[in-house]
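Residue-level listing of the chains:
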Amino acid sequence: MGLIKSIKEKAKSQLRTIVLPETEDERVLKAAEKVLEEQTAKVVLIGNEDTIKADASSCTANIEGATIIDPKTFADLDKYVDELVELRKKKGMTPEEAREILTTEPRFFGCMMVRLGDADGLVAGSSAPTADVLKAAIQVVKTAPGINTVSSCFVMETVDGNFGENGLILFADCAVIPEPNAEQLADIACATAATAKNVVGIDPKVAMLSFSTKGSAKHPLVDKVQYAVDLMADRNVDFPFDGELQADAAIVESIGAKKAPGSDVAGHANVLVFPDLQSGNIGYKLVQRFSGAAAHGPIIQGLAKPVNDLSRGCSVDDIANLVAITATQVK
Ligand SMILES: CC(C)(COP(=O)(O)OP(=O)(O)OC[C@H]1O[C@@H](n2cnc3c(N)ncnc32)[C@H](O)[C@@H]1OP(=O)(O)O)[C@@H](O)C(=O)NCCC(=O)NCCS
Ligand SMILES: CC(=O)OP(=O)(O)O
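Residues numbered from 1 in each chain as written. Chains lettered and ligands numbered in written order. Predicted model: local features only at pLDDT ≥ 70, side-chain atom pairs only at ≥ 80, totals over all residues. Heavy atoms only, no water.

Moving on, we get to the site of ligand 2. Every residue close to ligand 2 is listed here: Thr130, Phe154, Asn281, Tyr284, Lys285, Pro298, Ser311 and Arg312. At a separation of 2.9 Å, an oxygen atom of ligand 2 approaches a polar side-chain atom of Asn281. The separation between an oxygen atom of ligand 2 and a polar side-chain atom of Arg312 is 2.8 Å. Burial of ligand 2 by the protein amounts to 87% of the accessible area it has alone, namely 260 Å². Element by element, the count of residues in the shell around ligand 2 is highest for helix α12 (residues 277-291), at three residues. Grouping the amino acids of the shell around ligand 2 by side-chain chemistry returns three nonpolar, three polar and two charged. (Near = heavy atom within 4 Å. Polar contact = N/O pair within 3.5 Å; in protein donor to acceptor, adjacent residues only side chain to side chain. Areas by Shrake-Rupley, 256 points an atom, 1.4 Å probe, with all protein chains shown as cover. Helix = DSSP H or I, 4+ residues; strand = E, 2+ residues; numbered from the N terminus. Nonpolar A, V, L, I, M, F, W, Y, C, P; charged D, E, K, R; others polar.)

A few words on a nonpolar patch on the surface. Residues Ile282, Leu286 and Phe290 make up a contiguous nonpolar surface patch of about 350 Å² in total accessible area. For Phe290, the position within the fold is in helix α12. (Patch = residues over 30% accessible without salt bridge, like charges linked within 9 Å, V, L, I, M, F, W, Y side chains within 5 Å. Salt bridge = Lys/Arg side-chain N within 4 Å of Asp/Glu carboxyl O.)

Listed under "domain: Phosphate acetyl/butaryl transferase" (unreviewed entry) in the UniProt record, and renumbered for this structure, are residues 3-327. Along residues 3-327 one finds 46% helix and 16% strand; the C-alpha atoms at either end are 14 Å apart. (UniProt positions renumbered as here; feature names shortened; annotations may be inferred.)

All right, on to the site of ligand 1 then. Lys91, Ile138, Gln139, Val150 and Val176 are the nearest of the 18 residues found near ligand 1. Here Arg88 contributes a side-chain N or O atom positioned 3.5 Å from an oxygen atom of ligand 1. The side chain of Lys91 places a nitrogen or oxygen atom 2.8 Å from an oxygen atom of ligand 1. The fraction of the free accessible surface of ligand 1 (940 Å²) that becomes covered by protein chains is 60%. Those elements that place two or more of their residues in the shell around ligand 1 are α7 (130-141) and α12. For the shell around ligand 1, the leading source of residues is α7, giving six residues. Split into classes, the residues belonging to the shell around ligand 1 amount to 10 nonpolar, five polar and three charged.

For the rest of this paragraph, the subject is the pairing of strand β2 (residues 42-46). When you tally the buried positions in β2, you get four out of five residues, the bulk of the element. Taken together, the four bridges between strand β1 (residues 17-20) and β2 define a ladder with parallel strand orientation. Across the sheet, the residue bridging to Val19 is Val44, located in β2. Each parallel crossover has a hand, and for β1 linked through helix α2 (residues 26-38) to β2 it is right-handed. Strand direction decides the pairing type here: β2 and strand β3 (residues 67-69), joined by three bridges, are parallel. Within β3, the position partnered with Leu45 by the bridge is Ile68. Crossover β2 to β3 through helix α3 (residues 49-58) is right-handed. (Buried < 20%, exposed > 50% of the residue type's maximum accessible area, 1.4 Å probe, protein only. Pairing = 2+ DSSP bridges. Right-handed = clockwise from strand over helix to strand, strands pointing away.)

Take the packing of helix α1 (residues 3-14) against helix α13 (residues 316-329) next. Contact geometry of α1 with α13 gives a least axis separation of 8 Å together with a crossing angle of 55 degrees. Regarding the angle of α1 to α13, the classification is oblique. Relative to α13, the crossing made by α1 is left-handed. Residues Ile4, Ile7, Lys8, Lys10, Ala11 and Gln14 of α1 form the contact with α13, whose participating residues are Asn321, Ala324, Ile325, Ala327 and Thr328. Among the residues making up the contact of α1 with α13, the classes are represented as six nonpolar, three polar and two charged. (Axes fitted to C-alpha atoms, helices over the stretch in contact; angles between N-to-C directions. Parallel < 35°, antiparallel > 145°, perpendicular 65-115°, else oblique. Left-handed = near helix turned anticlockwise from the far one by under 90°. Contact = heavy atoms within 4.5 Å.)

It is worth spelling out the pattern of salt bridges at this point. As enumerated under the stated definition, the model contains 16 salt bridges in all. A salt bridge links Arg235 to Glu183; the nearest nitrogen and oxygen atoms lie 3.0 Å apart. Here Arg235 is found in the loop between α9 (220-234) and β8 (241-245), whereas its partner Glu183 is found in helix α8 (residues 182-200), with 52 residues between them in sequence. The class of Glu183 is partly exposed, set by a relative accessible area of 43%. As a salt-bridge pair, Asp238 and Lys197 come within 3.4 Å of each other at their nearest N and O atoms. With a gap of 41 residues between them, Asp238 in the loop between α9 and β8 and Lys197 in helix α8 connect regions that are remote in the sequence. Given a relative accessible area of 62%, Asp238 falls into the exposed group.

With that out of the way, let us pick up the side chain of His296. Inspection of the secondary structure puts His296 in strand β10 (residues 294-301). Setting aside anything within four residues of it in sequence, one finds His296 in contact with Leu3, Ile4, Cys153, Phe154, Val155, Glu157, Asn321 and Ile325.

On to the nonpolar core, then. Counting residues in hydrophobic clusters, the biggest one holds 97 residues, and the most contacted among them are Leu20, Leu45, Ile63, Met113, Val206 and Met208. Tallying contributions element by element places α8 first for this core, with nine residues. Residues Phe171, Leu245, Ala249 and Leu272 belong to the second largest nonpolar core, which totals 19 residues. (Core = buried A, V, L, I, M, F, W, Y, C linked by side-chain atoms within 4.5 Å.)

Strands pair in a sheet through their backbones, by hydrogen bonds, and they do so in one of two ways: parallel or antiparallel. The five strands are arranged β3-β2-β1-β4-β11 in an open sheet whose pairing can be described as parallel. Strands with a single pairing partner mark the edges of an open sheet, and in this sheet they are β3 and β11 (307-309). Between one strand and the next, the sheet's axes are offset by a mean angle of 25 degrees, whatever the strand orientation. Lying over the sheet, α2 contacts β1 and β2, oriented at roughly 160 degrees with respect to β2.

As structure tokens, then:
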């Protein structure tokens, strides 16, 4: 069974409640229809009921069965306001500011639903830059206990099946931390290994990428990746990892054997940790567009509850697929 098919089967058996706050986007309304039709989740749409219904009708999206919540008339708004003030009191947020944010920024309202258990997860980002989704998630949902770093990965479903795990390969971090330090690179590697296991169902083999393989180039940027590898060794992680490796050494067996002989990851990696956000974000988009790979994500890692982002270039299917992925992340 393909990845998305098996994730949808799992989601169907759990039927979680997922919030879609960006209801001004017709792709979201069409995705809501698809999710309801496939019964992979219950759907909550945020916004004015008349407007959402009129928009759905004009794009012929059947959203019957979705729950529509208008923050402006929401019965528990005062409770949400109190919670946001409490969360942001160190930053000096007033009740008036909290009310304004919750009634005008649906991503914040949706994240508060998730925080307070009125929904299980949230998917947004089709009509806002990633930073807007991340800010709502980090400020409201917060990191999971014991976790310092929020990061992201894409599950790339490549076409020819030769790379990674029968064509499945995770790329990280492609959406969150612009210039990770070595500690954060190690955190990204550990979080992505967990996503590989828990969401994709594969045993992770993690390559810490660079423009150098095993000291073939000398530069402070190479030193940073080597230090991240040392930190992972200190953490005694329970998955194979290696670095620093160039991308070809990580994913092509013959090149891995030549550039990093003896490595149990080189040539077989199914998790690629990029050294920074520039390489990660550019890398995933090039693979997606040049090769026709499906890019599922960005799946956000390290939050207390599942909130996932979309690229603004996403399709209706991308949104519906990410809703199913989000549903299966609920603990
Ligand atoms: C993620 C991002 C939005 C955070 O920005 P920020 O200005 O630090 O966000 P906020 O001010 O809302 O931060 C809220 C809190 O979360 C913390 N935080 C920020 N990034 C974090 C991370 N990756 N992990 C854990 N905590 C984080 C902040 O330190 C802050 O803590 P505080 O409230 O105790 O001071 C920012 O790093 C960003 O824009 N990243 C790039 C996103 C992007 O453009 N991606 C490319 C396209 S996909
Ligand atoms: C993940 C990402 O790159 O998002 P966007 O394309 O919306 O910037």
